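Chain residues, written in single-letter form:
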Amino acid sequence: MTEAKNQLSTMKGSPDQFRLASLMRFDRSIEIVRILATGVTTLLFWQGMAPLELLWLAVAVGLYPLVKIGLLDLIHEHKIGTEIFVTIATLVAVFGGETVAGAVLMVIILIAEFITELSTDRARASIKALIVSVPQVARLQEKGDERRVAISELNVGDVVLVRAGEKIPVDGTVIAGQGAVNEAPLTGESIPKDKSAGSTLLAGTLLDSGALDVRTERLGADTTFSRIIALVESAESEQAPIQKLADRVAAWLIPLVLIFLVGVYLVTWDVRTVVTLLIFTSPAELGLATPLVMIAAIARAARAGILIKGGVYLEALAKVDVMVFDKTGTLTANQPRVVQILSNRASLKEAELLRWAAAADRRSAHPLAKAVVEAAAQQGIPVPESESFEQFQGRGVKATVEGRIILVGNAALLRENGVSLAEVVEDGGRTPIHVAIDNEFVGVIFIADTLRPGVRESLDELKATGIKRLVMLTGDNRATAEVVARDLGIDEVRADLMPEDKVKAIGDLVAQGHRVAMVGDGINDAPALARANVGIAMGAGGTQAALEAADIALMTDDLRKIAGARAIARRAYRTIQENIFVGIGVVHVLGITAALLGWIGPIEAAIIHLGPDVLVFINSIKLLRVRIHGA
Ligand SMILES: Nc1ncnc2c1ncn2[C@@H]1O[C@H](COP(=O)(O)OP(=O)(O)OP(=O)(O)O)[C@@H](O)[C@H]1O
Ligand SMILES: [Zn+2]
């Protein structure tokens, strides 16, 4: 929290400036003048100091924007909004002889609309402010000299210098120097990370100490930072189902309300009661109850390094009952190491087995292949080039090395290639990689990976938030998968899956009526992420692919952020329900009752009506302060 505040005070265009700037906008000034003019005229007329004609003029001036917005909504969105209701209420009052009441109620509504608009703008501005900004100038290194240039003049490949206390202006790689970088603005991670030659840097993060020379890789709109801003900005337009429902209910209520009002008038012949009722029967506010909550929740999450791409996913995450995890790289740390080599042939030494396997695997990008190649390098084994190479998704590789056909992969790969396996090697906790030379099974390489720190706690926390079933999907073998699952308290394991099986497994869960979230790394798992109700990608700070693939992107690999995201989502959903049922529902029902009983008139109604608007606002803004674990 405090770090975030410090960030705010150092950024260009602080929220205060932003607020001032938007307050001073031209149309805002007109609005203020309009409110003052109509208010003062009403007051003068009331005191007998102005003629009725002047009051009519004031009413016309005040109604103008309401009629305009109301008609535009009606024509373009086929929606009867608050504006139309207020216009009707004012006109009924003025022509029914309650001119002062009509004018006062109109002024109060104008003030309420003005306040709502300002606060929504501020919430929006705060989203951007929370994720801070990128500096607009950089120190460019040129022919041994340095000079300050605008970011727009930089090119990919340029070397920029960053000194302690400065913000990193571009995405790039450190080529010289050393320093500690605070990535909190992007990831919510407040512990600074040490950076030296070869480390990657993200624009918008802060160099706490040291000095770095950075080779520019991405600039301006291409930086991860800019992508995030763009995604958060578009998040608002992704309406949540509850919002659509509120809009639908509002549309459906309007004719009923109008019939009800005509009925009341025919029974009572009382203009005051009808005008008072009009204020409390406008269902348009239903539509206002959700956007502010969504904006606040998305802003809160962004500050914790959780990127939620729209209200629709916030609601979906709140309702999730089954959570599915990929194993490798999601639950495990994705740092596989070779831990044991077993040769099946007396004549074949372990080092030699590793040499064949590494030769076959050297062109594969699979993490297991990298572990094999790395082990060979560590043992100083020279690895030959392969003559041909083929990768089988979820199976392994087939390569020709020194004229011999090498298979490296799981049992299924060997069987499919007609290699008979005397016994399937399974060993809990470690992944066996089978090796065959010229269609003969020659041995197994065992690879182990460690669990991510804090996985168990994160999963327990998720269960505590009402997730009923935790499922693990993996391409790894059953024995290894089951050991991991048992360690973590996972309820259901599906092993030996091909990538398309994972997509199908999620499809089945969705078809059974579950609300499914899928957690993966976002690179290999993109189709599975897309199939789930909510796709959550980890480590999106590292790769832009992960950022694009998911509905919710975690900027670091910290699994605790999932529980954090879930907490924010549930809280937001509850707030929306509170806003609708208590803030709007209860107050309006009470207001209608009071009006029918003749306890309140139009002016009291308009004042009381400000109550729920303010409540909804405060209730929503509270979301910005939700405490979540690990952020
Ligand atoms: N390049 C490779 N070298 C060796 N074995 C491989 C290779 N590619 C795949 N395999 C074998 O195929 C299995 C399935 O691979 P896949 O990539 O589908 O899953 P994974 O990465 O092990 O696990 P997860 O599905 O949890 O991410 C691996 O466990 C391994 O036995
Ligand atoms: Zn209301």
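Rules and cut-offs
- Residues numbered from 1 in each chain as written.
- Chains lettered and ligands numbered in written order.
- Predicted model: local features only at pLDDT ≥ 70, side-chain atom pairs only at ≥ 80, totals over all residues.
- UniProt positions renumbered as here; feature names shortened; annotations may be inferred.
- Helix = DSSP H or I, 4+ residues; strand = E, 2+ residues; numbered from the N terminus.
- pLDDT = per-residue confidence, 0-100.
- Contact = placed C-beta atoms within 7 Å.
- Pairing = 2+ DSSP bridges.
- Axes fitted to C-alpha atoms, helices over the stretch in contact; angles between N-to-C directions.
- Expected span 1.5 Å × (residues − 1).
- Bend = angle between axes of the 7 residues up to and from the residue.
- Buried ≥ 20, exposed ≤ 12 C-beta atoms within 10 Å, placed from the backbone.
- Domains from an automatic or database assignment.
- Nonpolar A, V, L, I, M, F, W, Y, C, P; charged D, E, K, R; others polar.

Caption draft 1: Summary view of the UniProt feature "transmembrane region" (unreviewed entry) in the protein. Residues given the UniProt feature "transmembrane region" (unreviewed entry) here are residues 84-111, 249-268, 274-299 and 580-600. Between the C-alpha atoms that bound residues 84-111 there is a distance of 16 Å. The span itself is 89% helix and 0% strand. Within the segment residues 580-600, helix and strand shares are 81% and 0% respectively, and the terminal C-alpha atoms sit 23 Å apart.

Caption draft 2: Seen up close, the confidence of the model for the protein. Scored by pLDDT, the protein comes out at a mean of 83, with 90% of its residues at no less than 70. Contacts for the low-pLDDT stretch residues 1-24, under 50 throughout, to residues beyond four places or in other chains number 26 contacts. Quick note on the complex model: pTM equals 0.77, ipTM equals 0.93.

Caption draft 3: How the structure looks around the sheet that holds strand S15 (residues 440-448). Taken together, 6 strands build an open sheet; the order of strands is S10-S15-S14-S13-S12-S11 and the sheet is antiparallel. At either margin of the open sheet sits one strand with a lone partner, and together these are strand S10 (337-343) and strand S11 (388-392). Each neighbouring strand pair of the sheet contributes to a mean axis angle of 20°, computed without reference to strand direction. In this sheet, strand S14 (residues 431-437) lies alongside strand S13 (residues 404-409) in antiparallel orientation, the contact comprising 4 bridges. By the bridge assignment, valine 408 is partnered in S14 with valine 435. Packing against the sheet, helix H15 (residues 367-378) makes contact with S10, strand S12 (396-401), S14 and S15, and its axis sits at approximately 75° to S10.

Caption draft 4: Summary view of helix H9 (residues 241-268). Helix length check: H9 (28 residues) gives 40 Å between terminal C-alpha atoms against 40 Å at 1.5 Å per residue, within 8%. The largest bend along H9 measures about 30° and falls at leucine 253, with the proline proline 255 one to four residues further on. Listed in full, the buried residues belonging to H9 are Ile242, Gln243, Ala246, Ala250 and Leu261. In this structure, the buried side of H9 is in contact with helix H10 (271-281), helix H12 (311-319) and helix H22 (560-596).

Caption draft 5: A look at the domain arrangement of the protein. Partitioning the protein into structural domains gives domain 1 (2-130 + 233-297 + 568-625), domain 2 (137-222), domain 3 (309-332 + 451-567) and domain 4 (337-448). Elements with a contribution of two residues or more to the side of domain 1 that touches domain 3: H9, helix H11 (291-303) and H22. Residues of the side of domain 1 that touches domain 3, tallied by class, amount to 10 nonpolar, 3 polar and 3 charged.

Caption draft 6: Representation of the sheet that holds strand S19 (residues 534-537) within the structure. Sheet architecture is open: 7 strands sit in the order S8-S20-S19-S18-S9-S16-S17, paired in mixed fashion. Two strands lie at the open edges of the sheet, namely strand S8 (306-308) and strand S17 (492-494), each paired on one side alone. The average undirected angle you get between the axes of adjacent strands in this sheet is 20°. Looking at chain direction, S19 and strand S20 (residues 552-554) are connected through 2 bridges and run parallel. Bridging from a neighbouring strand, isoleucine 536 pairs with isoleucine 552 of S20. Across the face of the sheet, helix H19 (residues 499-511) comes into contact with strand S9 (322-326), strand S16 (469-473), S17 and strand S18 (516-520) while running at roughly 155° to S18.

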